[in-house]
Amino acid sequence: MLTETLEPQTENTDVFPINGTDYIEFYVGNAKQAAHYYRAAWGFKLIAYRGPETGVRDRASYLLQQDKIRFVLTTPIRPDASDEAHVIAQHVYEHGDGVRDLALWVDDARDAYEKAVERGAESVHPPRVMRDDDGEIVIAAIKTYGETIHSLVERKNYKGLFMPGFRPVSARYEPQGVGLKYVDHCVGNVELGKMNVWVEFYAHVMGFRNLLTFDDKDISTEYSSLMSKVMANGNDRIKFPINEPAEGKKKSQIDEYLDFYGGPGVQHMALATDDIVATVVALRDRGVEFLQAPTSYYRTLQDRVGKIDEPLDVLEGLGILVDRDPDGYLLQIFTKTVEDRPTVFYEIIQRKGAKGFGKGNFKALFEAIEQEQALRGNL
Ligand code: FE2
């Protein structure tokens with residue numbers, strides 16, 4: 001059942017104001033090569049770097065950016081690393097390359113941290129002030145599901161590029177962007193029975209509300225099913241769907257993720273574009289692989305979604321999915337997992353009014369995912 005539960009909060013009632021996603025930090029085995037992948041295939045620009053050359057002895061970080069989307073790729077570089085870098089190495093060992101930090105941009109990091117911890121958030125570290133000639137950043141962090149964290153980043157007194165410690169890079173190699181604009185939503189996979197625990201965390205600790213709920217009747221195929229609740233912050237700029245597996249005939253895609261990631265973590269990030277056809281053509285040309293919907297999907301599409309601006313044959317040729325809800329329609333497509341472990345993948349999304357998450361596409365999408373699972377011997 002699709003349920004819209006609550007009206008959006010007004011500014012005054014937002015108990016945990018967040019301006020938007022600040023950055024997404026990945027812990028990876030080889031940040032130099034991962035950075036090249038996101039530049040060459042995804043059109044991100046290398047903006048800044050932090051590592052031994054800038055005085056950090058035990059790790060290297062690359063800041064990549066495309067419009068409002070910022071990725072930080074961090075890797076440990078020494079076997080006898082400090083405690084902090086050892087956490088990175090352990091994270092990579094356990095999870096493979098994965099998302100460590102969904103960092104949130106706030107106006108007052110001390111206040112946000114204090115309130116979150118007061119309401120039951122587990123601390124990663126209290127507010128730290130980092131300074132350079134461009135001013136200061138205040139950053140604190142709290143834990144969420146698995147080993148994922150939320151840094152709370154205050155940058156109102158900082159006029160530099162990103163944050164102290166990072167040195168701007170001007171690269172000769174600068175591939176064109178592919179039209180990605182901002183982070184639309186980030187999805188977490190958690191264990192059976194834990195969805196509501198994290199829904200409660202986002203509601204109680206961070207003042208989010210339950211925007212949508214999908215139960216196992218919405219999201220099921222012959223083989224597997226899942227349940228999902230979408231949590232959104234006060235101004236709707238942050239949307240975190242939380243998935244848990246549901247009993248099915250065979251192993252669900254969420255179980256496969258939990259097995260290979262070694263626990264809960266970020267499953268996919270949806271990146272928004274204003275022109276999904278151009279973005280997907282560019283990504284495909286650079287080697288990004290997408291899931292392919294069954295051809296039967298397009299036979300009934302017109303009846304299901306009505307009139308849309310994009311030619312259906314173009315969408316079918318690219319494998320782009322369409323769904324309509326009361327506010328409009330959306331176009332979306334999902335990549336295959338982007339690593340050897342079947343864990344992290346991306347969604348490309350273009351919203352034309354629609355505020356949903358493509359419920360009408362779940363069946364076609366999950367059948368496509370199951371084909372991939374079967375090829376891996378994990379179904
Ligand atoms: Fe999504």
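In the block above lies the structure referred to throughout.
All values derive from a computational prediction rather than experimental measurement.

A. Region of the structure containing the overall build of the protein chain. Regarding its fold elements, the protein chain presents 10 helices and 17 strands. For 379 residues, the compact-globule estimate of 2.2 N^0.38 gives 21 Å, and the C-alpha radius of gyration of the protein chain, at 20 Å, lies within 12% of that figure. Residues classed as buried in the protein chain amount to 54% of the 379 residues present. By sequence separation, contacts in the protein chain at least 24 residues apart represent 68% of the contacts at least 6 residues apart. As displayed, the protein chain has an accessible area near 16700 Å², and 49% of this comes from carbon and sulfur atoms. When the 45 positive and 59 negative side-chain charges of the protein chain are each reduced to one mean point, those points stand 3 Å apart.

B. Examining the sheet that holds strand β14 (residues 265–273) more closely. Read across the sheet, eight strands follow the order β11-β12-β13-β10-β14-β17-β16-β15 without closing on themselves; strand pairing throughout is mixed. This sheet does not close on itself; its edge strands, each paired only once, are β11 (209–214) and β15 (321–325). Each strand of the sheet is rotated relative to its neighbour by a mean of 25°, with strand direction disregarded. The sheet contact formed by strand β12 (residues 225–232) and strand β13 (residues 239–246) spans eight bridges and is antiparallel. Note that in β13 the partner of Ser225 across the bridge is Ala246. The strands touched by helix α4 (residues 195–204) are β12 and β13; relative to β12, the strand with the most contacts, the crossing angle is about 5°.

C. Focus on the sheet that holds strand β9 (residues 167–168). With mixed pairing, nine strands are arranged side by side in an open sheet as β6-β7-β8-β5-β1-β4-β3-β2-β9. Looking at strand neighbours, the two that pair on one side only are β6 (123–132) and β9, the edges of this open sheet. For β6 and strand β7 (residues 135–143), the ladder comprises seven bridges, and the chain directions are antiparallel. The residue bridging Ser123 from the neighbouring strand is Ile142, located in β7. Relative to strand β4 (residues 69–76), helix α2 (residues 83–95) is tilted by about 100°, and along the sheet it contacts β1 (20–27), β3 (59–66), β4 and β5 (98–106).

D. Fine view of helix α10 (residues 362–376). When the terminal C-alpha atoms of α10 are compared, their 21 Å separation across 15 residues agrees well with the 21 Å that a helix rising 1.5 Å per residue should span. For α10, the complete set of buried residues consists of Phe362, Ala364, Leu365, Phe366, Ala368, Ile369, Glu370, Glu372 and Gln373. At the C-terminal side of α10, Gly377 shows a positive phi close to 75°.

Parameters at a glance
By convention here, each chain's residues receive numbers from 1 onward along its written sequence. Local features in this predicted model are restricted to residues whose pLDDT is 70 or higher, and side-chain atom pairs enter the listing and the counts only when it is 80 or higher, whereas totals over whole chains, interfaces and linings include all residues. By convention in this description, side-chain values take in all heavy atoms of the structure and omit both hydrogens and water. Numbering goes from the N terminus for both helices and strands, where a helix is a DSSP run of H or I of at least four residues and a strand is a run of E of at least two. Radius of gyration means the value over C-alpha atoms here, while the globule rule gives 2.2 Å times the residue count to the 0.38 power. Partly exposed describes any residue whose relative accessible area lies between the buried limit of under 20% and the exposed limit of over 50%, with all areas from a 1.4 Å probe on protein chains only and scaled to the type maximum. Any two residues having at least one pair of non-hydrogen atoms within 4.5 Å are treated as being in contact. Each accessible area is a Shrake-Rupley estimate made with a 1.4 Å probe; only the visible protein chains count as cover when residues are assessed. Positive charges are assigned to Lys and Arg, negative charges to Asp and Glu, while His and the chain termini are left out of the count. Every charge is mapped to an atom, namely NZ of Lys, CZ of Arg, CG of Asp or CD of Glu. At least two DSSP bridges between two strands are needed for those strands to be called paired. Axis lines are fitted to C-alpha atoms, over the contacting stretch for helices. Their N-to-C directions set the angle, which ranges from 0 to 180 degrees. Multiply 1.5 Å by the residue count of a helix minus one, and that product is the helix's expected span.

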